[in-house]
Amino acid sequence: MRFLLCFLSAVCVYAQATATITGTVTDPAGALVPGAQVTVANALSGLSLTATTNSDGVYTIANLPFNTYRLTVRREGFAEATQQVALRTNVPFTADVRLSLTGKSEVANVTASEQTELINTEATGTRTELSQTMIEKLPIPAGNRGVEAVLLTFPGFAQNANGAIHPRGAHNQMTFVVDGMPITDQLTGAFATSLDTSIVQNIELFTGDTPAEYGLRTAAVANITTRTGLDSGRMFQGSVQAAYSQFDNLNQLTQFSGGNDKFGYFASFSAMKSNRFLDSVSIDNLHNGGNAQRAFSRMDYRASSKDVLRFNLMAGRSSFELANLRSQHAAGQDQRQLFKDWSASLGWLRTVDARTTLDFTTSFRTSQAWLFGSPFDTPVTADQARRLSTFNIGGRYNTVRGIHTLRMGADYQYFPVSENFFFGITGREFNDPASEDYNEGLAPHDLTRGGRRFQFTGKDAGHLPSFFIQDTIRWNAFTFSLGLRHDVYRFLVNGNQLQPRLGMAYAIRSTGTVFRMSYNRTYQTPPNENLLLSASPQAALLAPPPVREALNGATTVLIKPETQNFYEAGVQQAIGKVASINASYYYKNSRDQQDNDNFLNTGIIFPITLSQIRVNGAELRLNVPNIRGFNGTLSMTHYRAISTPPFTGGLFLGAGAIDALTAGPFVIDHDQKLGLQGNVQYRWKRGIWTSGAVRYDSGLVSNRSDPEEVAADPDYADLLPYVNLLSDPPRVRPRTILDYAVGYERVREGRRRWDVQFQVTNLTNRTALFNFQSIFVGTRVVQPRSAGLKLRWFF
């Protein structure tokens, strides 16, 4: 028992998934070489880190995401030495280098040809990476968008409003892992403050054959390695950035960092305000202002040669108006939302021996949300106050034994939730008893007919222990990924699931080809946002009669975890030494499909479930790392998502869509036939660079609205040209959006002094929709053309 208590007091969840490389640089005679420049770089992600050997000829580079890197050593008077190193575990990797004299090139190929730098020979599923070097030059729209805007450059995502992204046919169901701390909150502008891209050193995205250590939300897992000051060689440095763009969009960012071989720190503080904070519900952009602030800090301490500690602290706040339709604005509606969150994590990495490590991280995160109604709300007034907290604790054991890289661990998560929600109908025509869409469950709360406000207050807490084991076996040209995970979910419902995660890759190094295939069983727990109300008896009484009939008159509509079978096959192919292609095909079938319902056209979203969903899709990514200053990517995404009724849980009030949800299988609203995302960057030698992006979306599924009724509705009539209500199923019309940026970096004595960037988003000023009267998310309009300027000073 004492051992168990000691273990739980120390360990933590989702361990540190970064590697460390160290070594000694010597000359041909074996003498130590101080002052040598050692660089590790990955062509696909663009990540490049540099260190200098000390007086003992020793270098150390930490905080490296697991990957294959080119190690390059340079020192005046010696020939450049290069080799490839594969970093697959947080067990420290040693790479000693012996330099030769100038004129005698030294190249040590740990793997075979240069073609393997353009592919991942050991990836058994779809995996994509991007580093800060490339991220900061993407022409991402200014505003409150965060990491989700970067993820859209990867294959597999359909774009939706307010930063929402649909990974491989799922509604959201994403996990963000920040330096080992899991965040399963829905990080979109309508739910919480987003993660700031400026704190990111590298993003590693898993959308196929997800490792067994990841659970809860696994449609996509974004493993984020943040920036650090450890081993930076300077105790204080930083930058200050100011930016302005149209819609009165002001941004400020201050960052500073420093450190040596024992201690390092990094901190980032940002603030922004905008008169187009979220995507508008109409072309007019009415009542849509807001502001947001974010803060992040990271501290690393190398306590000994075997112990490294890391502490992260992160906080965010956003306050904004809810966008109005014309009729709401004319009535004087003034609804507002406020979000606050903060989180902290503590990690410890212990090197046991040259082949074994233990790593631990404990974390806490809490988020709060408020909706404030106003006296002139129409057709519904609503107020809300909710809090979601998450405690994580667990640990990892990592060891390398011959061809085996073994990783195993146990996690425990505890999540208390509290919710308060109030609403009343204020529009007399909204739930008219004479209407065919009349819902008798709402009648007691129709304030125009003598009803009173609905009130709900609830508190509860759940917990989820998990266990996993993962073995990666490298045998000749094969890589086998063999994992098993077990989750035990205890909240409003009880459930558990064994989840095999099995993958295989076969590499033909002579041709730069990798074939892969995998099978995953996943267990995706319900989103905790608004879950108590959605699964309450009070909510069940609000549902339309056909929904209650589908539930056999049940007074509670509990949401079960979604269970899924996921199959994938793919291939990577290097194209000479200049580019690579990564293609995949996948099929998923799930029970108790999770989605959201937009509560009576307010800004409140509630979880729901349908009986089943099946998704099949294909993806392709072309990556050109560097050709004479050019680099670029092209991502293609296609998937088909078919949901099968009946409605099985949660709060669904869409009386007008009951027929669609009871008539049989239907195409869900985040189905999209084709999405294309292209990015290209070019850098001149004198510090000038330019970047362009193009995104094509064939269109998400919209509501089956009557075109004549839409044409007669002043709130929506001018949006009719941008949606095809006569197709089957109806869809918003295709759109192509172009973004462009150009910048200049002033470098002196090997250091950046200042830079400037001019950017235009939606270059052609294309009017388009993300969605239209969707029964799940409503209507949202794409932001029109916006030009902006960024200035940054380094110190």
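Throughout this document, residue positions are counted from 1 along each chain, in the order its sequence is written. For a predicted model such as this one, the threshold for reporting local features is a pLDDT of at least 70, and the threshold for listing and counting side-chain atom pairs is 80 or more; totals across whole chains, interfaces and linings nevertheless cover every residue. Heavy atoms from the whole structure form the basis of all side-chain values; hydrogens and water molecules are not counted.

Helix numbers and strand numbers start at the N terminus; a helix is a DSSP run of H or I with at least 4 residues, a strand a run of E with at least 2. Of the regular secondary structure elements, the chain holds nine helices and 43 strands. In this treatment the radius of gyration is a C-alpha quantity, and the globule benchmark scales as 2.2 Å times the residue count to the 0.38 power. The C-alpha atoms of the chain give a radius of gyration of 27 Å, which matches the 28 Å a tight globule of 795 residues would have. Considering only C-alpha atoms, the chain reaches an extent of 95 × 60 × 45 Å along its principal axes. Each residue gets one of three labels from its accessible area relative to the maximum for its type: buried under 20%, exposed over 50%, partly exposed in between, using a 1.4 Å probe on protein chains only. Each of the 795 residues in the chain was classed as buried or not, and the buried ones make up 59%. In what follows, residue pairs with any heavy atoms lying within 4.5 Å of each other are defined as contacts. When contacts within the chain are restricted to residue pairs at least 6 apart in sequence, those whose partners lie at least 24 apart make up 69%. Each charge class in the chain can be summarised by its mean position, and for the 74 positive and 66 negative side chains these summaries are 7 Å apart. For the charge count, each Lys or Arg is scored as positive and each Asp or Glu as negative, with His and the chain ends excluded. In plain terms, the charge of a residue is placed at NZ if it is Lys, CZ if Arg, CG if Asp and CD if Glu.

Here the focus is the pattern of salt bridges. Oppositely charged side chains can form a pair if their charged atoms are brought close together. Salt bridges are defined as contacts in which a side-chain nitrogen from Lys or Arg sits within 4 Å of a carboxyl oxygen from Asp or Glu. Per the counting criterion, the structure on display carries 40 salt bridges. We note a salt bridge from E745 to K137, for which the minimum N-O separation is 3.0 Å. Of this pair, E745 sits in strand β39 (residues 735–748) while K137 sits in the loop between α2 (132–135) and α3 (147–151), and the two are 608 residues apart along the sequence. Neither residue differs from the other here; E745 and K137 are each classed as buried. Of the charged contacts, one joins D697 and R735 as a salt bridge, the two residues approaching to 3.5 Å between their closest N and O atoms. Pair noted here: D697 is in strand β36 (residues 688–697) and R735 is in strand β39, with a separation of 38 residues, a long-range link.

Turning next to the sheet that holds strand β10 (residues 127–131). Two strands make a pair as long as DSSP finds a minimum of two bridges between them. The strand order β10-β15-β16-β13-β14 describes an open sheet built from five strands, whose pairing is mixed. Only two strands of the sheet have a single partner each, and these edge strands are β10 and β14 (181–183). The sheet shows a mean angle of 20 degrees between the axes of neighbouring strands, taken without regard to direction. When β10 meets strand β15 (residues 200–206), the two strands line up antiparallel, connected through five bridges. Here an angle of 0 to 180 degrees is reported between the N-to-C directions of two axes, which are lines fitted to C-alpha atoms, with helices fitted over the stretch in contact.

What follows covers the pairing of β15. Within β15, seven of the seven residues are buried, which leaves it mostly tucked inside the rest of the structure. As judged from the six bridges shared by β15 and strand β16 (residues 220–226), these two strands associate in the antiparallel manner. Pairing of I203 across the sheet is with I224, part of β16.

Take the nonpolar core next. Nonpolar cores were defined as sets of buried Ala, Val, Leu, Ile, Met, Phe, Trp, Tyr and Cys residues, with membership established by side-chain atoms within 4.5 Å. The biggest cluster of nonpolar side chains holds 36 residues, and the ones touching the most others in it are F421, F423, Y489 and L533. Listing elements by their share of this core, those giving two or more residues are β23 (356–372), β24 (380–401), β25 (404–425), β26 (454–475), α5 (531–534) and α6 (537–542). Looking at which element gives the most residues to this core, the answer is β25, with five residues. Apart from residues no more than four positions distant in its own chain, Y489 is found in contact with F415, H463, L464, N494, G495, Y523, T525, P526, L531 and P561. Core analysis: the second largest hydrophobic core is formed by 31 residues, I140, M174, L205 and F266 among them.

Here the focus is unusual backbone geometry. The omega angle of the peptide bond from P645 to P646 is 10 degrees, so this bond is cis rather than trans. Residue position: P646 is located in strand β33 (residues 630–650). Across the junction of D728 and P729, the peptide omega takes the value 0 degrees, indicating a cis bond. With respect to the helices and strands, P729 occurs in the loop between β37 (723–724) and β38 (731–732).

What follows concerns the packing of aromatic side chains. Pairing of aromatic side chains here covers Phe, Tyr and the six-membered ring of Trp, requires ring centres within 6.5 Å, and sorts the geometry by plane angle: under 30 degrees stacked, over 60 edge-to-face, intermediate tilted. Taken as a whole, this structure holds 28 aromatic pairs when the rule is applied. Here the aromatic rings of F236 and F256 are separated by 6.0 Å at their centres, their planes lie at 35 degrees, and the arrangement is tilted. Of this pair, F236 sits in the loop between β16 and β17 (237–245) while F256 sits in strand β18 (residues 249–259), placing them 20 residues apart in sequence. The exposure class assigned to F236 is partly exposed, which follows from its relative accessible area of 46%. The interplanar angle of 45 degrees and the centroid separation of 4.5 Å between the aromatic rings of F364 and F391 together place this pair among those described as tilted. Of this pair, F364 sits in strand β23 while F391 sits in strand β24; the two residues are 27 residues apart in sequence, bridging distant segments of the chain. Classification of F391 as partly exposed rests on a relative accessible area of 38%. Through successive ring pairs, a cluster of aromatic residues spans F236, F256, F263, Y265, F269 and F795. Seen from the ring of W689, K137 lies directly overhead, with NZ or CZ sitting 5.6 Å from the centre. The rule is short: NZ of Lys or CZ of Arg within 6 Å of the ring centre and within 35 degrees of the ring normal puts a charge over the ring. It is K588 that lies over the ring of F566; its NZ or CZ is 5.5 Å from the centre.

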